[in-house]
Amino acid sequence: MAKKRPQVALVYDFDGTLSPGNMQEFGFIQATGKTKDEFWEKNRKFAEGKDANGILTYMYLMLDEAKKNNISLTRESFQKFGKDVELFRGVKQWFSLVNEYGNSIGLDVKHYINSSGLKEMIEGTPIAQEFNKGIKQVSDNRRVNQYIPDEKRPIPFPRMIYFGDGETDVPCMKMVKEHGGHSIAVYDNEDKQKTACQLVKEGRVNFMCSANYSKGSVMNIIVKRILDKIKADFEFDRLIELNQKKAWK
């Protein structure tokens, strides 16, 4: 019987991390007759005026604009918009590169999306098939909030890598890092680079790098070294466990 390989989770934000800008900017906003600047400015004012969460208000505005402009809100329509979503350099090839490297050192790499974006639009992108599914029903609050002891988790925090680009990702990136995992702040412009630098200085992320996922890129090198460490730590822990069992025989 083949030895089971340790699983590793690579968890990604989507907007600004795998794709430049916000996914709504690729097709949907244009269909409303507005520019992306006009839409987000309207959302900003609406959120501030209502003292509401900007994510909830942009979803409300999407519904409102769709109704006004007779835009279909079916899953198929959003998937169609998703086909126009741009991706950062190397993203399409990234998953096979990482999977192949993980496999070569004895790791089983899984990819997950943790995003406040639209799931249906992500389903329309050319990388949709790369991601594993977690809880099938997000409405199942019991399973979403269920406590699982560290030793029973299929993928513990030390075997997680979190990719994010902005302030809304900080809680997740910091949590993963503080529990022994690894967080990477991604940037594609000067402002985001400054944010990433600050996050590193404050100890809230482990690494920062530009949004280039190509083979040989800084991102590629960093992730490969993290995977090397995860594998080494796994083997070291297993050696300790075997030694303990031998001592107690």
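Right above here is the structure, for reference.
Residues numbered from 1 in each chain as written. Predicted model: local features only at pLDDT ≥ 70, side-chain atom pairs only at ≥ 80, totals over all residues. Heavy atoms only, no water.

Colleague: Which residues make up the pairing of strand E4 (residues 182–187), and what are the values?
Modeller: Buried residues dominate E4, accounting for six of its six residues. Alternating positions in E4 separate into two faces, His182, Ile184 and Val186 on one and Ser183, Ala185 and Tyr187 on the other, with burial throughout. Tracing the backbone out of strand E3 (residues 160–164), into helix H8 (residues 170–178) and back to the parallel element E4 gives a crossover that is right-handed. The pairing of E4 with strand E5 (residues 207–210) spans four bridges and is classified as parallel. Looking at E5, one finds that Ile184 is bridged to Phe207. At this point the chain moves from E4, through helix H9 (residues 190–201), to the parallel E5, and the crossover so formed is right-handed. (Buried < 20%, exposed > 50% of the residue type's maximum accessible area, 1.4 Å probe, protein only. Helix = DSSP H or I, 4+ residues; strand = E, 2+ residues; numbered from the N terminus. Right-handed = clockwise from strand over helix to strand, strands pointing away. Pairing = 2+ DSSP bridges.)

Colleague: Account for the pattern of salt bridges, with residues named and values stated.
Modeller: In the structure shown here, the tally under the stated rule is 21 salt bridges. Across the salt bridge formed by Glu41 and Arg44, the nearest N and O atoms sit 2.6 Å from each other. Here Arg44 and Glu41 lie together in helix H2 (residues 36–50), a separation of three residues that amounts to about one turn. Residue class for Glu41 comes out partly exposed when judged on its relative accessible area of 31%. The partner of Glu202 in a salt bridge is Arg204, and the shortest N-O contact between them spans 2.6 Å. One connected set of salt bridges, linked through shared partners, spans Glu41, Arg44, Lys45 and Glu48. (Salt bridge = Lys/Arg side-chain N within 4 Å of Asp/Glu carboxyl O.)

Colleague: Run through helix H5 (residues 91–104), naming residues and quoting values.
Modeller: Along its 14 residues, H5 runs 20 Å from first to last C-alpha, staying within 8% of the 20 Å computed at 1.5 Å per residue. Within H5, burial applies to Val91, Trp94, Phe95, Val98, Tyr101 and Gly102. In an axial view of H5, the angular spread of the buried residues amounts to 145°, which keeps them on one side of the axis. Opposite its buried face, H5 presents the exposed residues Lys92, Glu100 and Ser104, each directed more than 90 degrees away. Looking at the packing, one finds that the buried side of H5 touches strand E1 (7–12), strand E2 (108–113), E3 and helix H10 (218–247). Of the residues trailing H5, Gly106 is marked for its positive phi of about 90°. (Expected span 1.5 Å × (residues − 1). Arc of directions from axis to C-beta. Contact = heavy atoms within 4.5 Å.)

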